[in-house]
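# Structural characterization, general
Here is what each chain is made of, one letter per residue.
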Amino acid sequence: EAIDNLRKVLGSLPRRVVVLVDEIDRMRKDELIVLLKLIRGFTSLPRLSFVCALECNHVENLIREEYGGVDHTCYHKFFVESFELPKLVDSFLETEACDALTAVFEEQGWFARNEQMKTKYSNLIHEHWKSIFAPLCTNIREVQRLASSVRTLAWSLVDEVHPFDLTLLAALRYFAQPASELIWSFRGTLCAHDLDA
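The present account deals with the structure reproduced in this document.

Criteria and cut-off values
- Residues numbered from 1 in each chain as written.
- Predicted model: local features only at pLDDT ≥ 70, side-chain atom pairs only at ≥ 80, totals over all residues.
- Heavy atoms only, no water.
- Phe/Tyr/Trp six-rings, centres within 6.5 Å; stacked < 30°, edge-to-face > 60°.
- Buried < 20%, exposed > 50% of the residue type's maximum accessible area, 1.4 Å probe, protein only.
- Helix = DSSP H or I, 4+ residues; strand = E, 2+ residues; numbered from the N terminus.
- Patch = residues over 30% accessible without salt bridge, like charges linked within 9 Å, V, L, I, M, F, W, Y side chains within 5 Å.
- Areas by Shrake-Rupley, 256 points an atom, 1.4 Å probe, with all protein chains shown as cover.
- Salt bridge = Lys/Arg side-chain N within 4 Å of Asp/Glu carboxyl O.

Turning our attention to the packing of aromatic side chains. If you walk through the whole model with that rule in mind, you get seven aromatic pairs. Here the aromatic rings of Phe 105 and Phe 111 are separated by 6.2 Å at their centres, their planes lie at 55°, and the arrangement is tilted. Each member of the pair Phe 105 and Phe 111 is classed as buried. Consider the rings of Phe 133 and Phe 164, whose centres lie 6.1 Å apart with planes at 80°: the pair is edge-to-face. Taken together, the positions of Phe 133 in helix 7 (residues 129-133) and Phe 164 in helix 9 (residues 163-175) put the pair 31 residues apart, joining distant regions of the chain. For Phe 133, a relative accessible area of 1% corresponds to the buried category. On the accessibility criterion, Phe 164 (7% relative accessible area) is buried. Members of the aromatic cluster, joined through ring pairs, are Phe 105, Trp 110, Phe 111 and Tyr 121.

Shown next as structure tokens:
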């Protein structure tokens, strides 16, 4: 009855409804199988399409474990058409990360009195991209999470620390929390001035 009601509602709509389902490959196997059954059940409904973002080989292996088979038949029962998207190039992620991080400090007024600091900060992100940030920010999601982590720390520290140092701290706290906690626990030793110098 619910499916029939949904069919009537969708049939009366003037446009197609597109449902985007992201990160399917991160789901547990039992969750994935339930989702795939729902999607397959909804294929008969008019004006309804699903666009699913996933890592094809991983999902196909989970489907094979559940339904058997050695070819792509089961996978194509659920996903009739597949399109492989190219991997984002490193230079694109570098630009996105630099723009997103700079925007965080800009919107909080860090560069309001010192435009040169904005340029220096941007240059430092580019200078250390390959050695520090590229291994951490491997996709747009991680870039946004780093920017969000920086935003959380930055608002209360305007003009108190260097923005690049704060960015490094945020990256450490987000991507390597155990290391961050270790450094914080032994900050008296690790961050102390060398008395012999």
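After that view of the structure, there is still more to cover.
As a further point, take unusual backbone geometry. Non-glycine residue Glu 23 carries a positive phi angle of around 60°. With respect to the secondary-structure elements, Glu 23 resides in the loop between strand 1 (17-21) and helix 2 (29-42). Phi at Arg 47 takes a positive value of approximately 55°, unusual for a residue other than glycine. Mapped onto the elements of the fold, Arg 47 is located in the loop between helix 2 and strand 2 (48-52). Of the residues examined, Arg 47 reaches a relative accessible area of 33% and is grouped as partly exposed.

Taken together, Val 18, Leu 20 and Val 51 make up a surface patch of nonpolar side chains, about 290 Å² in accessible area. Its location among the elements puts Val 18 in strand 1.

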